[in-house]
Amino acid sequence: MRFTSTSRGARLARRLVSHRLNDWGHPYTTPVNETLTLITTELTANAVRHGHVPGRDFHVQLTLTEGTSRIEVTDTRTEKQPPVASPSATDSLSESGRGLLLVAALADDWGVSPRKDAPGKTVWAELRVQHQGHPLEHRVAPEPTDVDLLLATASLLRDDFGSRPQDASHGGRRP
C-alpha cells in the first residue's frame, strides 16, 4: 500500500500491518504481531524522517510465507542509505537514532536494496514465524480497491479519534 510521507501515514501503515497480521492468524497480542508492528513503526518512521521527498509517498508491502514474514518499506530518496552492516550505537542522551538498532535486534534478517524501476530504496526486515493451526500458503496483501482504502482509513481514523485524551472533553462526539 502507499502512504503519505507524514507521521500520520506512518501511523496508518503500522495499524494496517497489525490488522492484516491479525486477519492472517497472528492476533494483536501475539509476539509475531507485536514484533512486526514495532519493526513497521521503525521502518516507516525512518521513511518519513530520512526518506521524505516532498510530494512523494512511501510504500509498504507485507508478505507472509510458510515460516517467514517480510515487511518492506520503500521510499524515493536514494542518497540517504541506512548502515547495513551494524547500526552504530547512539549517544545515551540522544532522543533518537535507535530505530535500526531495534530492527536489528528484533528481526532475524534485514537489509536495504535499490528500489525497482525508480529512484529510491527499500528497507526490509524478515522474521521467522511459526503459524498455529493449518499450514499457511504464500500470502501477499492484495492490492486494495478504492472502497477498501476508504473503509480501512475511515475505520482507523474513527479508532484513532476516540483514543486521544483531548477528545474526551467533547463527550465522544466530534467537535
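Here we summarise the structure given alongside this text. (Residues numbered from 1 in each chain as written. Predicted model: local features only at pLDDT ≥ 70, side-chain atom pairs only at ≥ 80, totals over all residues. Heavy atoms only, no water.)

1. Here we look at the pairing of strand S2 (residues 58-65)
- When strand S1 (residues 2-3) meets S2, the two strands line up antiparallel, connected through two bridges. Of the residues in S2, the one forming a bridge with phenylalanine 3 is phenylalanine 58.
- Taken together, the seven bridges between S2 and strand S3 (residues 68-75) define a ladder with antiparallel strand orientation. Of the residues in S3, the one forming a bridge with histidine 59 is threonine 74.
- In sequence, S2 turns back onto S3 through a hairpin of two residues, with glycine 67 there showing a positive phi of about 90°. (Pairing = 2+ DSSP bridges. Helix = DSSP H or I, 4+ residues; strand = E, 2+ residues; numbered from the N terminus.)

2. Thoughts on the packing of helix H2 (residues 31-50) against helix H3 (residues 99-106)
- Look at H2 against H3: their axes get within 9 Å of each other, and the N-to-C directions meet at 150°. Between H2 and H3, the angle is such that the two are roughly antiparallel. Crossing of H2 over H3 shows left-handed handedness. Of H3, the residues touching H2 (which contributes Thr35, Leu38, Ile39, Glu42, Leu43 and Asn46) are Gly99, Leu100, Leu102, Val103 and Leu106.
- Looking at the contact of H2 with H3 residue by residue, the class counts come to seven nonpolar, three polar and one charged. (Axes fitted to C-alpha atoms, helices over the stretch in contact; angles between N-to-C directions. Parallel < 35°, antiparallel > 145°, perpendicular 65-115°, else oblique. Left-handed = near helix turned anticlockwise from the far one by under 90°. Contact = heavy atoms within 4.5 Å. Nonpolar A, V, L, I, M, F, W, Y, C, P; charged D, E, K, R; others polar.)

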